[in-house]
Amino acid sequence: MDSILDFFENINPVYGALVAGLFTWILTALGASLVFFVKGMNRALLDGMLGFTGGVMVAASFWSLLAPGIAMSPGEGFVKVIPAVVGFALGALFIFGLDKILPHLHINFKETEKEGVKTPWHRTTLLVLAITLHNIPEGLAVGVLFGGVALGMPEATIGGAVALALGIGIQNFPEGLAVSMPLRRHGVSKFKSFWFGQMSAIVEPIAAVIGAVAVTFFTPLLPYALSFAAGAMIFVVVEEVIPETQRDKYTDIATLGFIGGFIIMMTLDVGLG
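Residues numbered from 1 in each chain as written. Predicted model: local features only at pLDDT ≥ 70, side-chain atom pairs only at ≥ 80, totals over all residues. Heavy atoms only, no water.

What follows is about helix H6 (residues 158-185). For H6, built from 28 residues, the straight-helix expectation of 40 Å at 1.5 Å per residue is met to within 8% by its first-to-last C-alpha distance of 41 Å. The largest bend along H6 reaches roughly 30 degrees and is located at Phe 173, with the proline Pro 174 sitting one to four residues downstream. The buried fraction of H6 is high, at 23 of 28 residues. (Helix = DSSP H or I, 4+ residues; strand = E, 2+ residues; numbered from the N terminus. Expected span 1.5 Å × (residues − 1). Bend = angle between axes of the 7 residues up to and from the residue. Buried < 20%, exposed > 50% of the residue type's maximum accessible area, 1.4 Å probe, protein only.)

Printed below as a string of C-alpha cells:
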C-alpha cells in the first residue's frame, strides 16, 4: 500500500484522478467478465452485492466527502455548514434531473417500470443506462477529492483519495457482474453481456477527470463539489440501489451486505486517510 501511495504522491493529481477512475472501471470489467465462467446468479447473492454497493456509497459520502468538505469550509457554526448544505442539495437535484430525463431500467424491475422519457430502446440499453447513472457520482467523487489534493488542502489527502477509489473499485466488481448476468439471463450473448457490463462504468474515469479539473480551476468550489458528489451518491442509494434490494425475500441479506460495505469503506477511509 505504501508503494501505491508513493506513486500517487509523485504524479499530477489530475492524472491521478484518471488512473483511479480507470482502476474503478477495470474492476467493473473484471466483475462483468465472470459472465464467461458462471451460468447464473443466485438472487440472494445479487441482493447482497447491491446492498454492499449501497453501504460503500453511503460511507464514502460521509467519511470521504462530507466530513472533509465541512472541515475545509470557512466560518463557524451554521455558516460553516452552508457549503455542505448547498452542495449536497445540488448534487441530489442533479441526479434527480438525470433520473427524470435519462431512459433507464433498474436491475430487478419489470420492463413496464422503466423510468425517464419514453423511448423504444431495448431492455439491454436501459439496464446499462441505469448502472451508468450510478457511476457518474462515483467518478465525480474520486476526481473532486484528487482535485483537492492538487490544491494542497490538508483535509484532502492522497490516502483519502486512494481509499475512496479503492472502496468504489471494490464495490464495482460485483456491480459489473450484477449488470452482465441479468443481461445474459435475458438472452444476450456472453460477449455482449460482458461488453455492456464493463461499458456501464466507462463514465467513471471521464467524470473523475472532469471533477478534478473543475475544482483545480475553481478553488473555492471544493467544499461545494465534495458535498455535491456526496448528495449525488446518497440520492442514487436511496432512490435506486436500496429499492432494487427490497423486491424479493432476501432483504436481510441485502441489509447485511449494506452493513458490510459501510464497514469496509469506513475502515479504508480512516485507515488510509
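What follows picks up the thread again.
Time to look at the nonpolar core. Grouped together as the largest cluster of nonpolar side chains are 43 residues, with contacts concentrated most on Leu 65, Val 142, Phe 146, Ile 158, Leu 164 and Leu 226. At the level of secondary structure, the elements contributing two or more residues to this core comprise helix H1 (2-9), helix H2 (13-33), helix H3 (43-71), helix H4 (78-101), helix H5 (123-150), H6, helix H8 (203-217) and helix H9 (222-245). With 11 residues, H9 is the largest single contributor of residues to this core. Ala 29, Ala 32, Val 35 and Leu 46 belong to the second largest nonpolar core, which has 10 residues in total. (Core = buried A, V, L, I, M, F, W, Y, C linked by side-chain atoms within 4.5 Å.)

Counted at 1.5 Å a residue, the expected span for H4 with its 24 residues is 34 Å, and the 34 Å between its end C-alpha atoms agrees. All buried positions along H4 are accounted for by Pro 83, Ala 84, Gly 87, Gly 91, Ala 92, Ile 95 and Asp 99.

All right, on to the environment of Asn 12 then. By the secondary structure assignment, Asn 12 is in the loop between H1 and H2. Asn 12 sits 65 residues away from Gly 77 along the chain, and the two C-alpha atoms are 35 Å apart.

The subject of this paragraph is the packing of aromatic side chains. In this description, a pair of aromatic rings is defined by centroid distance and the angle of the planes. Overall, the coordinates contain five aromatic pairs when judged by the stated rule. Ring geometry for Phe 96 against Phe 235: centres 6.1 Å apart, planes inclined by 85 degrees, an arrangement best described as edge-to-face. Of this pair, Phe 96 sits in helix H4 while Phe 235 sits in helix H9; the two residues are 139 residues apart in sequence, bridging distant segments of the chain. You can call Phe 96 partly exposed: its relative accessible area is 39%. Seen in terms of ring centroids, Phe 191 and Trp 195 are 6.5 Å apart; in terms of plane orientation they differ by 20 degrees. Their pairing is stacked. You can see Phe 191 and its partner Trp 195 sitting in helix H7 (residues 190-199), four residues apart, about one turn around the helix. Residue classification places Trp 195 among the partly exposed residues on the basis of a relative accessible area of 41%. (Phe/Tyr/Trp six-rings, centres within 6.5 Å; stacked < 30°, edge-to-face > 60°.)

Moving on, we get to a nonpolar patch on the surface. A cluster of nonpolar side chains, namely Val 79, Ile 82, Val 85, Val 86, Leu 90, Leu 93, Phe 96, Phe 217, Phe 218, Leu 221 and Tyr 224, defines an oily patch on the protein surface of about 1,100 Å² accessible area. Following the sequence through the fold, Tyr 224 ends up in helix H9. (Patch = residues over 30% accessible without salt bridge, like charges linked within 9 Å, V, L, I, M, F, W, Y side chains within 5 Å. Areas by Shrake-Rupley, 256 points an atom, 1.4 Å probe, with all protein chains shown as cover. Salt bridge = Lys/Arg side-chain N within 4 Å of Asp/Glu carboxyl O.)

Two numbers describe how H6 lies on helix H10 (residues 251-272): the axes approach to 8 Å, and their chain directions differ by 160 degrees. Looking at the two axes, H6 sits roughly antiparallel to H10. Both H6 and H10 take part in a crossing whose hand is right-handed. Taking contact as the criterion, the partners of Gly 159, Gly 160, Ala 163, Leu 164, Leu 166, Gly 167 and Ile 170 in H6 are, on H10, Met 265, Leu 268, Asp 269 and Leu 272. Taken together, the residues of the contact of H6 with H10 break down into seven nonpolar, three polar and one charged. (Axes fitted to C-alpha atoms, helices over the stretch in contact; angles between N-to-C directions. Parallel < 35°, antiparallel > 145°, perpendicular 65-115°, else oblique. Left-handed = near helix turned anticlockwise from the far one by under 90°. Contact = heavy atoms within 4.5 Å. Nonpolar A, V, L, I, M, F, W, Y, C, P; charged D, E, K, R; others polar.)

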